[in-house]
Number of protein chains: 2
Amino acid sequence: MARSRPTLKDIAERAGVHASTVSRALNPATAHRLSADVVAQIRDAAAALGYRPHGAAASLRTGLSRSVAVVLPDLTNPVFPPIVRGIEETLAASGFIAILANTGNDPDRYAAIFERLMSRGTDGLILASARRDDPIVDRCIAESIPLVVINRTVDRGGVSAVINDDDRGAALAVQHLCDLGHRRIAHLAGPQSLSTGHARSRGFNRAARSLGLAAADLSTVFADTYTRDAGHRAAKRLFRDASQPTAVACANDLLALGCYDALRDVGLRCPEDVSVVGYNDMPFLDLLAPPLTTVRIQHEEMGRQAARILMQHVEKPAQQPFDVVLRPELVTRGSTASLRRSSQVEARSTEPAFEA
Amino acid sequence: MARSRPTLKDIAERAGVHASTVSRALNPATAHRLSADVVAQIRDAAAALGYRPHGAAASLRTGLSRSVAVVLPDLTNPVFPPIVRGIEETLAASGFIAILANTGNDPDRYAAIFERLMSRGTDGLILASARRDDPIVDRCIAESIPLVVINRTVDRGGVSAVINDDDRGAALAVQHLCDLGHRRIAHLAGPQSLSTGHARSRGFNRAARSLGLAAADLSTVFADTYTRDAGHRAAKRLFRDASQPTAVACANDLLALGCYDALRDVGLRCPEDVSVVGYNDMPFLDLLAPPLTTVRIQHEEMGRQAARILMQHVEKPAQQPFDVVLRPELVTRGSTASLRRSSQVEARSTEPAFEA
DNA sequence: AACTTATGTGCAATCGATTGCACAAAGAGG
DNA sequence: CCTCTTTGTGCAATCGATTGCACATAAGTT
C-alpha cells in the first residue's frame, strides 16, 4: 500500500538521468556543475515524487549528521530554556538539529549520555554542564570531537567557551550594595567545582577588597548545588550568627530564592532588614515579592554564539578554540535598598512591606 | 594519527570471527543464539578496541533511529521544561534520544521543522504545539508516522494524546471562586484554536451554569496567545467596564501574570479587590506577590506518559492510538480570597497587603 | 550406525547517498 | 582539420551494520 519513500534512484529514473546526477543536482554546492535544464528537470521530478533526503544514508557516507547535542544539568533550572532556545534557533537556521540531554547532575548518567550521543553520530557537543575539571571535556579533546562549553567553563584550556564575565558581574553586585551603604555583606556562594561558583566568589572577594570593606564584615557560605533548597540551607547558616549581614550577594537566582525562604524563616524582611542580589536574571523575577535585584546575563545571545561557534568547529576542524566573554549588567529591583531607607521603613513597620 | 573508529569488522578480526557474529553478539536480542564464550570473547574485544556502534549505519539498514522529536511552541514558556524533562528522561532510559525543536508559533517554521526531522529519520514525534486543526498531524497520520500529542490535542481522532482534564480543571477554579463567595466572575480565555483554550472555556461556562451563576454576572475576554503580554491586554478590557468582576479565572498562568499587570495598571489589588486563578502551576508561582492560586497539572508525568506511548507506537506500529487523561488539582495560594475577607482587608488598608 | 534435528557461525546482499574517476561531447586554438 | 581543454554526466565503490539463507558440526533418535 504505502509505497516506500522515493530515493535518488527513483528520481533518476523519472528524470532519465543517473542517481549520482540527481545527488549533485540536489546539493546546492555541486548543482552549478550541471546544466541548468537538467537541474530544473531533476528538481521537478524530486518535488513531484515528494522526495525527502535520507539523512542516515548521507551521514553514513559523509560522516556528518548535521546534528548537535546540548547537554545540561537540568532543563527545569529557568536559566537554561532561553539559552537552549538561542542554540536551537541558530542551529535550525543552518539546517542543524538539536539533541537535548539532561545529566541530572549525575556523573554516570553524564557518561552514558555521552556514549549514546557519540554512537548516534552527533557532530558536536554544547556542554552547559561542564565542571571545572570535567572528564567528558577531556575525552572530547582526546577524540577531537567539536565542543563548546557554555555558561560554565573548564580550568584546562583547549576548548571554545561562551561565558560571562562573572568576575565583573559579582563586582557589580558588591558595588551596588556598597553604594547603598551596606558594609556587612555576605556572599552566598555556589559550588566551587563549577567555574561560575568559583569566579563569582573570586569576583566578590576582589571587589570587596578593592572597595575597602573590612574582612571582618564579610562572610561567605557555600551552597553545594544551584538550587533553591541548597540556597535555603546555606542562607540559614548566615542568619544564625550574631554578626548578621545587612546584604547578601548570591551566586545565582535560585540561591537567592532560597535566601528569601531563609529570611522568612527567621522573620527578617527584604529589603528592610536585608538586601539580596541574585545572579542570572532568570524569567519572572520582576513578579517576586520583592522583585529581585540581580545580575543579568545574555541568555539567548550565549546560546546563539555557542551554536555559531560549534558549527564553525564542525565545518572547519582546524579551527582553533577561542572564548567569547559576554558582559553582564546589574538590574536593580526591589530586593535591595539603602541602609538609610531600610531603617526608615523599619521605623514605620505598619506600612505595606512591598510596593509595586 | 587518530585511527578511525573501530567497526564490527575490526572486532571480528581481533576475535577471529565474522562481522555478522559480532553484530549478533553485541545485540542483546540475538546474543543468546551464540555460544556464551564467543559472546564473551567478542565483548572483550569490543571493549578493548573502544567500540562504539555506528548509529547511522544501523539506521540505514533497519530504518529505525531510536530518536524522537519533541516539537513545542516555545521552550521559554515555563510550562514546557518539566514536560520535556519527563520526556527526555523516559526516552533516555530506553536508549532513545530526544531532538528538540521550537516552532515559535510560526506555521512556516513548523512545516520546515517537520521536513527536517523527517529527513533526519526521526522515529516519531511528540507534539506539544498542536492546534485543534493541525496540518502536521494530518500528514503524520497520512504517512503513518508514530505520533503523540501532548498537553493540547486535536479535534480529529486517530492520534494518541496525553492531556489533562481541562474541563474539570476549569471547573475546579470556578468552584473555588464560587465557594469564596464570588459571583461576578470573569474568564480570561486562551486561544480558541488550541484545545486547551477551548476546553477550559467550555469548562468554565459549564461549571458556572451548573453552579447557578447568572449569565449577566459572567464575562469572557480572549487572549490571542498564551503570553503575559496578551494576558495583560485582554485583562485591561476586563477592568474597563463598570460591571467589574471580583474574580478572574485565567486559562493559563502566563495570562494570570498579565492579569496582575493589568490590575496594577488600574490600581486594583489582588486579592483584596480581585481574586485571580491561573492554570498549569508553572514553577515559582509560590514566590509571586501574591502567590498565585492555580490549577496544577502533572507536567513531568505527562512527559513520561507521552514518551512511553510514543515508544510503544514506534516498536509496535499496529498499536491503536489512545488517550491518557490526567486529573488536575487546585492549588490554593494567596491570589484568591473570600469576598467577605476581601472587604475586611479593604477596610483596614494599612495592613501589609500580602502575608507569607 | 545411519538419520534427523538443533545449534552456532559464515556469506553476501542490502539500506541510500556521495564522490573520485573515467569518458563522451562540445568548444577553443593553432 | 586536428588536437587540447572544458564541461557535463555516468559508473562503481564506499560508508558500517544487519539479516535471510546456507551450511557445518554436534546432539538426539531409532
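Residues numbered from 1 in each chain as written. Chains lettered and ligands numbered in written order. Predicted model: local features only at pLDDT ≥ 70, side-chain atom pairs only at ≥ 80, totals over all residues. Heavy atoms only, no water.

S.K.: Pulling in residues and values, what's your account of the protein's contact with DNA strand D?
M.R.: Every one of the 23 residues lining DNA strand D counts as a neighbour, but Thr 21 and Val 38 of chain A together with Leu 8, Tyr 51 and Arg 61 of chain B are closest to it. For DNA strand D, the fraction of protein-proximal atoms (within 4 Å) that sit in sugar or phosphate groups is 61%. Between Arg 24 of chain B and DNA strand D, the recorded distance is 3.5 Å, taken from a side-chain N or O atom to a base oxygen. Arg 61 of chain B has a polar side-chain atom sitting 2.3 Å from a base oxygen of DNA strand D. Among the elements of the structure, helix H2 (19–26) and helix H4 (55–62) of chain A together with helix H2 (19–26) and helix H4 (55–62) of chain B are those that each provide at least two residues to the surface near DNA strand D. For the surface near DNA strand D, the class distribution of residues is 9 nonpolar, 9 polar and 5 charged. (Near = heavy atom within 4 Å. Polar contact = N/O pair within 3.5 Å; in protein donor to acceptor, adjacent residues only side chain to side chain. Helix = DSSP H or I, 4+ residues; strand = E, 2+ residues; numbered from the N terminus. Nonpolar A, V, L, I, M, F, W, Y, C, P; charged D, E, K, R; others polar.)

S.K.: If you had to explain the nonpolar core to someone new, which residues and values would you point to?
M.R.: Ranked by size, the top nonpolar core spans 84 residues in total, and within it Ile 150 and Val 162 of chain A together with Ile 150 and Val 162 of chain B carry the most contacts. If near-sequence neighbours (up to four positions away) are discounted, Val 162 of chain B is found in contact with Val 148, Val 149, Ile 150, Asn 151, Met 302, Gln 305, Ala 306, Ile 309, Val 324 and Leu 326 of chain B. Within the second largest apolar cluster, 61 residues are counted, among which are Ala 230 and Met 282 of chain A together with Leu 254 and Cys 270 of chain B. (Core = buried A, V, L, I, M, F, W, Y, C linked by side-chain atoms within 4.5 Å. Buried < 20%, exposed > 50% of the residue type's maximum accessible area, 1.4 Å probe, protein only. Contact = heavy atoms within 4.5 Å.)

S.K.: Give me the lowdown on the interface of chain B and chain A, citing residues and values where you can.
M.R.: Counting from both sides, the interface comprises 54 residues of chain B and, opposite them, 55 residues of chain A. At the boundary of chain B with chain A, total buried surface from both sides reaches about 4700 Å², with 59% on carbon and sulfur atoms. Applying the counting rule to chain B against chain A returns 10 salt bridges. Measuring nitrogen to oxygen at the nearest pair gives 3.0 Å for the salt bridge that ties Arg 85 of chain A to Asp 74 of chain B. Our enumeration of links across chain B and chain A arrives at 28 residue pairs in polar contact (both at pLDDT 80 or more). Broken down by secondary-structure element, the contributors of at least two residues to the side of chain B that touches chain A are H4, helix H5 (80–93), strand E2 (97–102), helix H6 (107–119) and helix H11 (253–266) of chain B. (Buried area = accessible area lost by both parts, 1.4 Å probe. Salt bridge = Lys/Arg side-chain N within 4 Å of Asp/Glu carboxyl O.)

S.K.: Hey, could you go over the domain arrangement of chain A for me, with residue numbers and the actual values?
M.R.: Residue and element names in this part refer to chain A. Along its sequence, chain A is carved into domain 1 (8–53), domain 2 (62–164 + 298–327) and domain 3 (166–292 + 333–347). The C-alpha centroid of domain 3 is placed 30 Å from the C-alpha centroid of domain 2. Listed as interface residues are 12 residues of domain 2 and, on the opposing side, 15 residues of domain 3. Here domain 2 meets domain 3 over a buried area of about 1200 Å², counting both sides, of which 52% is carbon and sulfur. Per-residue buried area on domain 2 facing domain 3 is highest for Pro 78, Arg 132 and Arg 152; these three make up 40% of the total on that side. Joining domain 2 to domain 3, the criterion identifies 0 salt bridges. When grouped by side-chain class, the residues that make up the side of domain 2 that touches domain 3 number 3 nonpolar, 5 polar and 4 charged. (Domains from an automatic or database assignment.)

S.K.: Could you give an account of the packing of aromatic side chains, naming the residues involved and the relevant values?
M.R.: Scanning the model with the defined rule gives 0 aromatic pairs over all chains in all. Stacked on the ring of Tyr 279 of chain A, the Lys or Arg Arg 200 of chain A has its end atom at 3.8 Å from the ring centre. (Phe/Tyr/Trp six-rings, centres within 6.5 Å; stacked < 30°, edge-to-face > 60°. Lys NZ or Arg CZ within 6 Å of the ring centre and 35° of its normal.)

S.K.: Provide a residue-level description of the confidence of the model for chain A, including the pertinent values.
M.R.: Residue-level pLDDT values for chain A average 92, and 94% of them are 70 or greater. In the model, residues 342–356 of chain A has pLDDT below 50 throughout and makes 22 contacts with residues more than four positions away in sequence or in other chains. (pLDDT = per-residue confidence, 0-100.)

S.K.: Mind laying out the environment of Tyr 51 of chain B, listing which residues take part and the relevant values?
M.R.: Residue and element names in this part refer to chain B. Positionally, Tyr 51 belongs in the loop between helix H3 (36–49) and H4. Along the chain, Tyr 51 and Leu 8 lie 43 residues apart, while their C-alpha atoms are 8.1 Å from each other. Contact partners of Tyr 51, with chain neighbours within four places excluded, come to Pro 6, Thr 7, Leu 8, Ile 11, Leu 26 and Ala 46.

S.K.: Outline the sheet that holds strand E12 (residues 329–331) of chain A, supporting the account with residue identities and numerical values.
M.R.: Residue and element names in this part refer to chain A. Spatial strand order, E7-E6-E8-E9-E10-E12: 6 strands in an open sheet with mixed pairing. The open sheet has two edge strands with one neighbour each: strand E7 (219–222) and E12. Averaged over all neighbouring strand pairs, the angle between strand axes comes to 20°, with direction disregarded. Sheet topology places strand E10 (residues 293–296) next to E12; 3 bridges connect them, and they run antiparallel. (Pairing = 2+ DSSP bridges. Axes fitted to C-alpha atoms, helices over the stretch in contact; angles between N-to-C directions.)

S.K.: Residues and numbers for the protein's contact with DNA strand C, please.
M.R.: Taken together, 23 residues form the shell around DNA strand C, and within it Leu 8, Tyr 51 and Arg 61 of chain A together with Thr 21 and Val 38 of chain B come nearest. Atoms of DNA strand C within 4 Å of the protein belong to the sugar or the phosphate in 61% of instances, the rest to bases. Between DNA strand C and the protein, one listed contact pairs a base nitrogen with a side-chain N or O atom of Ser 20 of chain B at 3.2 Å. Interatomic distance of 3.0 Å between a backbone N/O atom of Ser 35 of chain B and a phosphate oxygen of DNA strand C. Going through the elements one at a time, H2 and H4 of chain A together with H2 and H4 of chain B are the ones with two or more residues in the surface near DNA strand C. Looking at the surface near DNA strand C element by element, the count peaks at 5 residues for H4 of chain A. Here the residues of the surface near DNA strand C sort into 9 nonpolar, 9 polar and 5 charged.

S.K.: I'd like a description of the pattern of salt bridges, backed by residues and values.
M.R.: Summed over the entire model, instances satisfying the criterion amount to 46 salt bridges over all chains. As a salt-bridge pair, Glu 300 of chain A and Arg 85 of chain A come within 2.3 Å of each other at their nearest N and O atoms. Residue Glu 300 of chain A is located in helix H12 (residues 299–315), and its partner Arg 85 of chain A is located in helix H5 (residues 80–93); the two are separated by 215 residues in the primary sequence. Residue Asp 281 of chain B is joined to Arg 296 of chain B by a salt bridge in which the shortest nitrogen-to-oxygen separation is 2.7 Å. Residue Asp 281 of chain B is found in the loop between strand E9 (275–280) and strand E10 (293–296), and its partner Arg 296 of chain B is found in strand E10; the two are separated by 15 residues along the sequence. Via salt bridges that share partners, Asp 74 of chain A together with Arg 85, Glu 300, Glu 301 and Arg 304 of chain B belong to a single interconnected network.

S.K.: Can you explain the sheet that holds strand E3 (residues 124–127) of chain A? Please cite residues and give values.
M.R.: Read across the sheet, 12 strands follow the order E11(A)-E5(A)-E4(A)-E3(A)-E1(A)-E2(A)-E2(B)-E1(B)-E3(B)-E4(B)-E5(B)-E11(B) without closing on themselves; strand pairing throughout is mixed. Strand pairing shows two members of the sheet lacking a second neighbour, strand E11 (323–326) of chain A together with strand E11 (323–326) of chain B, which therefore form its edges. Each strand axis lies, on average, 20° off the axis of its neighbour in the sheet, ignoring direction. Sheet analysis places strand E2 (residues 97–102) of chain A next to E2 of chain B, joined by 3 bridges and oriented antiparallel.

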